[in-house]
Amino acid sequence: MSTIHLHRTTTATPEQYVAGLTDFGPGRSKLFGNSADAYLRVHFRGGSHAEVTEGSGGIWERLYYDWSDPNRVVLTTIDSNVWGSASGHLYTFTRQPNGTTDIDVIVMREGENLAGRLLGFVLGTIGRRVLEKAFANSVKAIEARNNKAERVDAGQSSLAA
């Protein structure tokens, strides 16, 4: 089993990052490159939980999302063509006094079959850089999305004045 720890500091609040993480609409791949729209299927979505199938490049997994704790989001693998039931992601958010947010992510990958075990080994070694880059890109995309929304809100406020 591979366990990979990732860390980023962002200008996004935990709520803004969780909003991006739990946006299962079209265009999700713009925020999360490993979640192609062709694979995306929402099975259930409640106030703080969802069950979603997503993936890309021939790899898919059905995940149970739990964002009921405002300081963390847990993604648990329910089914996959390569990952076992001990797989998933844990996002932890820590607000900093300067207004930024530290995001710590733990990615756990247990291979369900030979392909999964090989992919897990690769991710645990040289593939870590790929995951780091994908995480950095998602943080940047969520920051850009929030900055755009803030500019639109500011523009609407100035029009109302």
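Everything here concerns the structure above.
Residues numbered from 1 in each chain as written. Predicted model: local features only at pLDDT ≥ 70, side-chain atom pairs only at ≥ 80, totals over all residues. Heavy atoms only, no water.

Its place among the elements puts Asp-37 in the loop between α1 (14-21) and β2 (41-45). By relative accessible area, which is 36% here, Asp-37 ends up partly exposed. Separated by 19 residues in sequence, Asp-37 and Ser-56 have C-alpha atoms that sit 8.5 Å apart. Leave out the neighbours within four places in its chain, and Asp-37 touches Gly-25, Pro-26, Gly-27, Arg-28 and Ser-29. Reaching out from Asp-37, the side chain makes a polar contact with the backbone nitrogen of Arg-28 at a distance of 3.4 Å. (Helix = DSSP H or I, 4+ residues; strand = E, 2+ residues; numbered from the N terminus. Buried < 20%, exposed > 50% of the residue type's maximum accessible area, 1.4 Å probe, protein only. Contact = heavy atoms within 4.5 Å. Polar contact = N/O pair within 3.5 Å; in protein donor to acceptor, adjacent residues only side chain to side chain.)

This part is about the environment of Arg-62. Along the chain, the position of Arg-62 falls in strand β4 (residues 59-66). Sequence separation between Arg-62 and Ile-78 is 16 residues, and the spatial gap between their C-alpha atoms is 5.4 Å. In contact with Arg-62, not counting residues within four places along its chain, are His-43, Glu-51, Val-52, Thr-53, Thr-76, Thr-77, Ile-78 and Asp-79. A distance of 3.4 Å separates the side chain of Arg-62 from the side chain of His-43, its partner in a polar contact.

Moving on to the sheet that holds β2. One open sheet holds the 7 strands; their spatial order is β1-β7-β6-β5-β4-β3-β2, and the pairing between them is antiparallel. Two strands in the sheet have a free side with no partner beyond their single neighbour: β1 (2-10) and β2. Averaged over neighbouring strand pairs, the angle between their axes works out to 20° when direction is ignored. Direction of pairing for β4 relative to strand β5 (residues 72-80): antiparallel, over a ladder of 6 bridges. Among the inter-strand pairings, Tyr-65 is bridged to a residue of β5, identified as Leu-75. (Pairing = 2+ DSSP bridges. Axes fitted to C-alpha atoms, helices over the stretch in contact; angles between N-to-C directions.)

Moving on to the pairing of strand β7 (residues 101-109). Strand direction decides the pairing type here: β1 and β7, joined by 9 bridges, are antiparallel. Bridging from a neighbouring strand, Thr-10 pairs with Thr-101 of β7. Note: strand β6 (residues 88-95) against β7, 8 bridges, orientation antiparallel. Paired with Thr-92 across the two strands is Asp-104, which belongs to β7.

A surface patch of nonpolar side chains, about 310 Å² in accessible area, is lined by Phe-121, Val-122 and Ile-126. Topologically, Ile-126 is positioned in the loop between α2 (114-124) and α3 (128-160). Judged by its relative accessible area of 57%, Ile-126 falls in the exposed class. (Patch = residues over 30% accessible without salt bridge, like charges linked within 9 Å, V, L, I, M, F, W, Y side chains within 5 Å. Areas by Shrake-Rupley, 256 points an atom, 1.4 Å probe, with all protein chains shown as cover. Salt bridge = Lys/Arg side-chain N within 4 Å of Asp/Glu carboxyl O.)

Inspection of the secondary structure puts Arg-28 in the loop between α1 and β2. Assessed through its relative accessible area of 2%, Arg-28 is described here as buried. Looking at Arg-28, its side chain comes within polar contact range of the main-chain oxygen of Leu-21, at 3.0 Å. Separated by 3.0 Å, the side chain of Arg-28 and the backbone oxygen of Asp-23 make a polar contact. Here Arg-28 is in contact with Gly-20, Leu-21, Thr-22, Asp-23, Ser-35, Asp-37, Leu-40, Glu-54 and Tyr-65, once residues within four sequence places are set aside.

Once that is clear, we can look at the environment of Trp-67. Residue placement: Trp-67 occurs in the loop between β4 and β5. Spatially, the C-alpha atoms of Trp-67 and Val-18 are 7.6 Å apart, while their sequence positions differ by 49 residues. In this structure, Trp-67 is in contact with Val-18, Thr-22, Arg-45, Gly-46, Gly-47, Ser-48, His-49, Ala-50, Arg-72 and Val-73, ignoring residues within four places of it in sequence. There is a polar contact of 3.3 Å between the side chain of Trp-67 and the backbone oxygen of Gly-47.

The analysis is restricted to geometry; functional conclusions fall outside its scope.
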